[in-house]
Each structure stands twice: as structure tokens, then as C-alpha cells.
Amino acid sequence: MVEWTDAERKAIASLWGKIDVGEIGPQALARLLIVYPWSQRYFKAFGDLSTNAAIMGNPKVAQHGKTVMGGLENAVKNLDNIKQTYAKLSVMHSEKLHVDPDNFRVLAECISLCVAAKFGPSVFTADVQEAWQKFLAVVVSALGRQYH
Amino acid sequence: MLSKREKDLIKEIWERLTPVAAEIGADALLRMFASYPGTKTYFSHLDISPNSSHLLAHGKKIVLAIAEGAQDISQLTVTLAPLQTLHAYQLRIDPRNFKLLSHTMLVSLACYLGDEFTPVAHAAMDKYLSAFAAVLAEKYR
């Protein structure tokens, strides 16, 4: 079971309260597809991903980014039970979507960078970053847990 | 692979950051120590508390080396030769840590550049820092 300090819980809740999932989600997913183009292999049904502009303007990318980011709400609300909360999603990503779990880690990095760019160093301090990255790492781990 | 446009962008960004090399470098290091405590084991000989002169000096050294490499990326192996030897035979930092600092360096860049840290800049920087780390580790074995 993951142990969270009070400071970490506070930092995660506070940062989450500031995040607009409709803004950060699409940005993070677009960055994943641009910075790590091999991740596009999972999104053949999304239409035009041929240029950066196409990716950034693609409505399916935006919608999916929002969905994925919004999914973190469950984790924020269930900090002490993330593994269980994500069990079904983990099975789905493994059995149905066949996503290499390393992509979760890379997407988490993109999310952190979008948050950093949005909020700057006074909000996204080293300690807030630590708590946020620890949180994302737990989510990433939970998503990979049911793979076999 | 870095396109000419990406190389120019990388060079331009690091040139602009050279005056604040100490601040950016110290910020990236502090973030690394906070998120990846294992990295602190390499710094038992320095004072790495926030704003310490050691931290600022060390951060400056690292950023200036990265900026120097960015001046002519095609010559990275030549430019980094002395640092390659230093890291391989003396410092012997596990090269997996280079990825950690690369990540927190990107976070520092994102924080300071904000909107200017576009997806294109992000991709270019990530590729450059990966290449830098790979060259740095070349003499290890």
C-alpha cells in the first residue's frame, strides 16, 4: 500500500484543483504523439496525425486527451486504493487495447511537462513535482498491474 | 534525428538561457533530488540545499556544458570528449541517472519558458538531451 504524507496529499489535491482536464489532457496527448511518434500506432482510428498541426487540431485527439486526463479524478479521489480503482482499466489496456505499458510512463511525463509549462515554478515547485510524479507513478503502476 | 530547424531552435534556446545558467541548472538539480532521492548519493561532498553556492555553481556548470554542445550538435562527440572521460573514469555516475536529470531539465525549461515550450521545442530538446546523455556515456564500457 502506498504511503502518502500529509504534504503530498495536500499538494496533489491543490494541483488537481487548478488543472483544467479539457486543457491539459489534449495538450499532453498531443505531445505524446508528437514527441514519441511511435505511440501513434495505437491511434490509427483517429484520422489525420500526419503533421504536428494535424495532431494538435485533431478533435479525436482532444477528446481522448480529455477522457484520459479526466480519468485521473478517480485516482485523486481514491489515493489509498488506486490499484483497485484502476484494475478494470488495466485489464482493458492489456487484453483489448494491447498497449505497451511503457507508454503510460511516457504519457505521465508529458502530463507533468504540460502542468509545469502551464503553472510555472512558483506553483509547480520541486516538492509539488515530487508529489505529483509519485501520484502519476502509482497510477502508471496500477494500469500496468493486470498485464500478464 | 535532428532536423536543421530543430538544431537551430535548440541552439537559440540554450543561448538565451546562458545568462541564467546557474538558476536553471540549480532548479533542475533540486527537482531531481526531490523526485529521485537516489541521485543525492552522488553529492555527499557538496551542500545541495536550495540556494547553496555549491548547487548554483554545479547547476551552472552543467547548463553551460549543455549549451556548449548545442552550439554545434554535429560535433557533440568532440565537444564532450573531456566530459566523457571524466564521467567514465572518475565520476562513474550510473548513466540511468542521465535520463532523470534530462527529465527534470525539461521540467525546468517548461516552467521558465511556459508557452514557448511548444511541442516542437519539447521534442527537439528531448532528442538533444537524449543524444547528449548517450555521448556522455560512450566511454563507460
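A. Layout of the side chain of Asp27(B). All names here are of chain B. When you line up the elements, aspartate 27 lands in helix H2 (residues 21-35). At a separation of 2.8 Å, a polar atom in the side chain of aspartate 27 contacts the side chain of serine 108. When sequence neighbours within four positions are dropped, the list of residues in contact with aspartate 27 reads Ser108 and Tyr112.

B. Main features of empty space enclosed by the protein. All names here are of chain A. Under the definition given, this model contains one cavity of 30 Å³ or more. Of the pockets and cavities examined, the largest cavity occupies roughly 40 Å³. In terms of lining residues, the largest cavity is bounded by Gly25, Ala28, Leu29, Gly65, Val68, Met69, Leu107 and Ile111. When contributions to the lining of the largest cavity are tallied by element, the ones reaching two or more residues are helix H2 (21-35), helix H4 (59-77) and helix H7 (102-123). Residue composition of the lining of the largest cavity, grouped by class: six nonpolar, two polar and no charged.

C. Spatial organisation of the packing of aromatic side chains. Scanning the model with the defined rule gives seven aromatic pairs over all chains in all. The aromatic ring of Tyr42(A) is capped on one face by Arg41(A), whose charged end is 5.0 Å from the ring centroid.

Rules used in this analysis
Residues numbered from 1 in each chain as written. Chains lettered and ligands numbered in written order. Predicted model: local features only at pLDDT ≥ 70, side-chain atom pairs only at ≥ 80, totals over all residues. Heavy atoms only, no water. Helix = DSSP H or I, 4+ residues; strand = E, 2+ residues; numbered from the N terminus. Polar contact = N/O pair within 3.5 Å; in protein donor to acceptor, adjacent residues only side chain to side chain. Contact = heavy atoms within 4.5 Å. 1 Å grid on protein atoms, 1.4 Å probe; cavity = no way out; pocket = protein on both sides within 12 Å on 5 of 7 lines; lining within 4 Å. Points joined across faces, edges and corners; volume = space filled by probe spheres on them. Nonpolar A, V, L, I, M, F, W, Y, C, P; charged D, E, K, R; others polar. Phe/Tyr/Trp six-rings, centres within 6.5 Å; stacked < 30°, edge-to-face > 60°. Lys NZ or Arg CZ within 6 Å of the ring centre and 35° of its normal.

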